[in-house]
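This is what each chain is made of:
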Amino acid sequence: MGQSGVSLSRRERPFCCRGRRRSPLLRPPALPAVALGLALALALAGLGAGGCRPGPAPIPPAPEAGPVQGGTLVVAVPQDPDGLDPHKTVAAATFEISVNIYDTLIAVDAGGNLQPGLAASWTSSPDGLTWTFKLRPDIYFHNGRKLVASDVKASFERILDPATAHSRASDYAVIERIDAPDPETVVFHLKEYHAAFLSNLAMGWAAVVPVEAAAELKTHPIGTGPFRLVEWVPNQHIKLQRFDRYFIRGVPYLDEVIFKIIPDDSVQTVSLKTGEVDVVPNLPPEAAADVANNPTLKLYTAPMNMVQIMAINNARAPFNDRRVRQALSYSVDKLDVIDGASWGYGTAIGSHMPPVSPYYLDLSYRYPRDLERARALLAEAGLPQGFSCVLSLPQPYEIHRRAGEVIAGQLLEAGVRAELSVVEWGTWLEQIYRGRNYELTVIAHTGRLDPDPFLNRYTSSSKENYMNYNNPEYDRLVAEGARTLDPAARKSIYNRLQQMLCDDAVALYIQAPHAVIGLNRRVEGWQVFPINVLDLRRVYKRPQ
C-alpha cells in the first residue's frame, strides 16, 4: 500500500466526505460564471476554494518578493505519454505534459475562467453561429516559423478529418466552415448554436500545430507553448527547455522542466524526500501526513474536476441486464472504497459529474450498500448463485488498483466473483478503451468545462462510449442540451441525464478524487486546474 501514513477514520473525517446526503451548506461551491460574449451563455465549472479537504491546509501564498527566474524543476509522473501529438491521443498523461508545449485559441485559468490564449479577443454573431477570433501578433512555433491564421484553420481541419482519428472530433463536428481572411483573423461558422463551443476550444486536444510537421508530432512535438521538447528517453524522462520567443512576456520562469518517469508510488515519495524530484503531482494519499510534517516539503490538497468510476461493458452479458448492473452498485460501499483507495481524500458521487460543477446533481445516496437487495436483483436476472467476471485494473494507477481490490472484496459478498487483472497502460488504452474488450474496469475521467462533453461520451455514437450504453432518449436529451441557450433549461436537462445514468447503473460511480500534491518547499506558483494539466509556465523555485 506504499509508504506508511495516516488514514482518517469515518468518525474523524469531515461530514461532507462521508455523508451520502450532504447538507447543501457543505457542498463544494461552484466558481464564477464566464462571460462568453453571448446573451444567456453558459456558466462554466471551476475549482476554487471550498469543498471537503481532509488533512493540512493548502499551500500558503508565495513570498512577496515575487517570481524567480531560472532553474530546473523535476516532476515525477507514473508513465510515458502515449505520444505527444495532441490530435492523436486519449491519455490524460499526454495532456498533463503537452499543455507546456502547445497552446490553444482560448486558455483557462485555475478558477475555470476562459482567458485569451493564441486569440487576443473574440466576438460572436447575435445567433452564436459565427465566431471571429483575432490572433495575438508575433506568435512563433518552436521551429522559428511565425503562426498565422491558416495554421488555426488547418489544425481544426486536421481534427475534423476522419483519417486523423481524433478521439474528440465530435466536440468540433458543429463547425461547418473555417475562414482565414487575413493572417491574424480566424472565423468559425457553426451549423447550429453549441453551448460548449468556446470551452471546447480551451481543451488540450484543440491545440494549434504546424500541420507541415504533423507526421512527426507524436515523438517530435512542435508547438507555440512556453517550453519546447529537447529530449525524450522512453521510460526514463522527458526534458523541456524554456522557449525564449514565447508570446507571453516574462514567462515561463523556469529554464528547464524534467518529467521523470517513476511508475512506483512509494519510489516517487522517497524521491521527493531525498530531493531527487521537486513535485509529486499524484502523491499517494497514505503519504500525505508524512509529507506535511516534513520541514523540507509541503502538501497541497484540493477538490478535482474528475470522476472515478468502475466502468461496466453494458453490451456484454450478464451486464446487458440493468438488474445485474444495479446489483453491483448495491454491493459496494463507496465510502469504504474511498477509504481504501484514497485514504478519505475524495467525495462519493452517484453519476458522471463532480461536485465542483454547478451542474452537479447529488445522487450519492441512490445505492446504499444492501447485499440482500443485490442478491435479489441477481436472482431476478437468473443468477441466483452469482457469477464470475474479470475486473481489469490499469497498471500505472495505484488509486484504481486499490479501488478495484476493495470493490472485488465487496462484490464477493453478494456472489459476484471478480477476478483481478492488472493491465499495462498501453494495452488498457488499446483493448479496453478503444477496443471495448472487457467486462469491468476502474478508471478516472478528467474534467471538462461544460456539462455537454462530460456527459455526451455516453451517447450511442460516441467513440468514448466504451461502456456501450445505448439509450435513444439519452441521445436526444444530450443533443437538446448542447443547443439550449437558457441556463435553467440546461440545468434541468443535465439533471435528467445524470439521473438516467444513475438509474440505469451504466457504471459504478465511485468518487470525485481530491488532488494530493507533494512539493519541495522551494516550489511556488503551483495551481490545480479544472482540466487535467500540469501547467508550469508560472511555477518557479525559490533559492536555497
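These remarks concern the structure in this document. Fair warning: this is a prediction, and the values are worked out from it, not measured in the lab.

Among the nonpolar cores identified, the biggest contains 83 residues, and Leu105, Phe133, Phe156, Phe188, Phe259 and Trp526 are the most heavily contacted of them. Broken down by element, this core gets its largest block of residues, four residues, from helix α3 (residues 149–160). Dropping the residues within four chain positions of it, Trp526 is found in contact with Leu73, Val279, Pro281, Tyr300, Ile517, Leu519, Leu534, Leu536 and Val539. Counting residues in hydrophobic clusters, the runner-up holds 36 residues, among them Tyr359, Tyr438, Ile443 and Leu477.

Let us now look at the sheet that holds strand β7 (residues 185–190). One open sheet holds the four strands; their spatial order is β4-β5-β7-β6, and the pairing between them is antiparallel. Strands at the two margins of the open sheet, each flanked by one partner only, are β4 (119–124) and β6 (175–182). Strand after strand, the sheet turns through a mean of 20° between neighbouring axes, direction not considered. Here α3 sits on the sheet and contacts β5 (130–135), β6 and β7; the angle it forms with β6, its principal contact strand, is near 165°.

With that settled, consider helix α11 (residues 425–434). Among all positions in α11, only Trp425, Trp428, Leu429, Ile432 and Tyr433 are buried. With its buried residues spanning 115° around the axis, α11 presents them on a single face. Turning to α11, the residues buried within the fold contact β15 (387–394), β16 (416–423) and β17 (440–446). Where α11 begins, the capping side chain belongs to Glu424, and its oxygen is found 3.0 Å from the backbone nitrogen of Gly426.

Further remarks concern the packing of helix α7 (residues 322–331) against helix α9 (residues 371–380). Orientation of α7 relative to α9, taken along the N-to-C sense of each, is 165°, at an axis distance of 8 Å. With respect to α9, the axis of α7 lies roughly antiparallel. Regarding α7 and α9, the two cross each other, and that crossing is left-handed. Each of Arg323, Val324, Gln326, Ala327, Tyr330 and Ser331 in α7 lies in contact with α9, whose residues at this interface are Leu371, Arg373, Ala374, Leu377, Leu378 and Glu380. Within the contact of α7 with α9, the residues separate by chemical class into seven nonpolar, two polar and three charged.

Our focus in this paragraph is the pairing of β16. Strand direction decides the pairing type here: β15 and β16, joined by eight bridges, are parallel. Considered in β16, the bridge of Cys389 is made with Ala418. As for the winding sense of the linkage, the β-α-β connection from β15 through helix α10 (residues 398–413) to β16 is right-handed.

Along the polypeptide, Tyr172 turns up in the loop between α3 and β6. By relative accessible area, which is 0% here, Tyr172 ends up buried. Spatially, the C-alpha atom of Tyr172 lies 9.8 Å from that of Glu157, the residues being 15 residues apart in sequence.

Okay, the packing of aromatic side chains next. Overall, the coordinates contain 20 aromatic pairs when judged by the stated rule. When the ring of Phe319 is compared with that of Phe387, the centres are 5.6 Å apart and the planes differ by 70°; the resulting orientation is edge-to-face. In this pair, Phe319 is assigned in the loop between β13 (306–312) and α7 and Phe387 in strand β15, connecting sequence segments 68 residues apart. Phe387 matches Phe319 in its accessibility class, with the two residues each being buried.

For His237, the position within the fold is in strand β9 (residues 237–242). Of the polar contacts made by the side chain of His237, one reaches the side chain of Glu231; its length is 2.7 Å. If we ignore the near neighbours within four places in the chain, the residues touching His237 are Glu231, Trp232, Ile258, Phe259, Lys260 and Ile261.

Applying the stated rule across the entire model yields 31 salt bridges. Through salt bridges with shared partners, a single network forms among Arg168, Asp171, Arg448, Arg457 and Glu464.

About the thresholds
- Residues numbered from 1 in each chain as written.
- Predicted model: local features only at pLDDT ≥ 70, side-chain atom pairs only at ≥ 80, totals over all residues.
- Heavy atoms only, no water.
- Core = buried A, V, L, I, M, F, W, Y, C linked by side-chain atoms within 4.5 Å.
- Buried < 20%, exposed > 50% of the residue type's maximum accessible area, 1.4 Å probe, protein only.
- Helix = DSSP H or I, 4+ residues; strand = E, 2+ residues; numbered from the N terminus.
- Contact = heavy atoms within 4.5 Å.
- Pairing = 2+ DSSP bridges.
- Axes fitted to C-alpha atoms, helices over the stretch in contact; angles between N-to-C directions.
- Arc of directions from axis to C-beta.
- Polar contact = N/O pair within 3.5 Å; in protein donor to acceptor, adjacent residues only side chain to side chain.
- Parallel < 35°, antiparallel > 145°, perpendicular 65-115°, else oblique.
- Left-handed = near helix turned anticlockwise from the far one by under 90°.
- Nonpolar A, V, L, I, M, F, W, Y, C, P; charged D, E, K, R; others polar.
- Right-handed = clockwise from strand over helix to strand, strands pointing away.
- Phe/Tyr/Trp six-rings, centres within 6.5 Å; stacked < 30°, edge-to-face > 60°.
- Salt bridge = Lys/Arg side-chain N within 4 Å of Asp/Glu carboxyl O.

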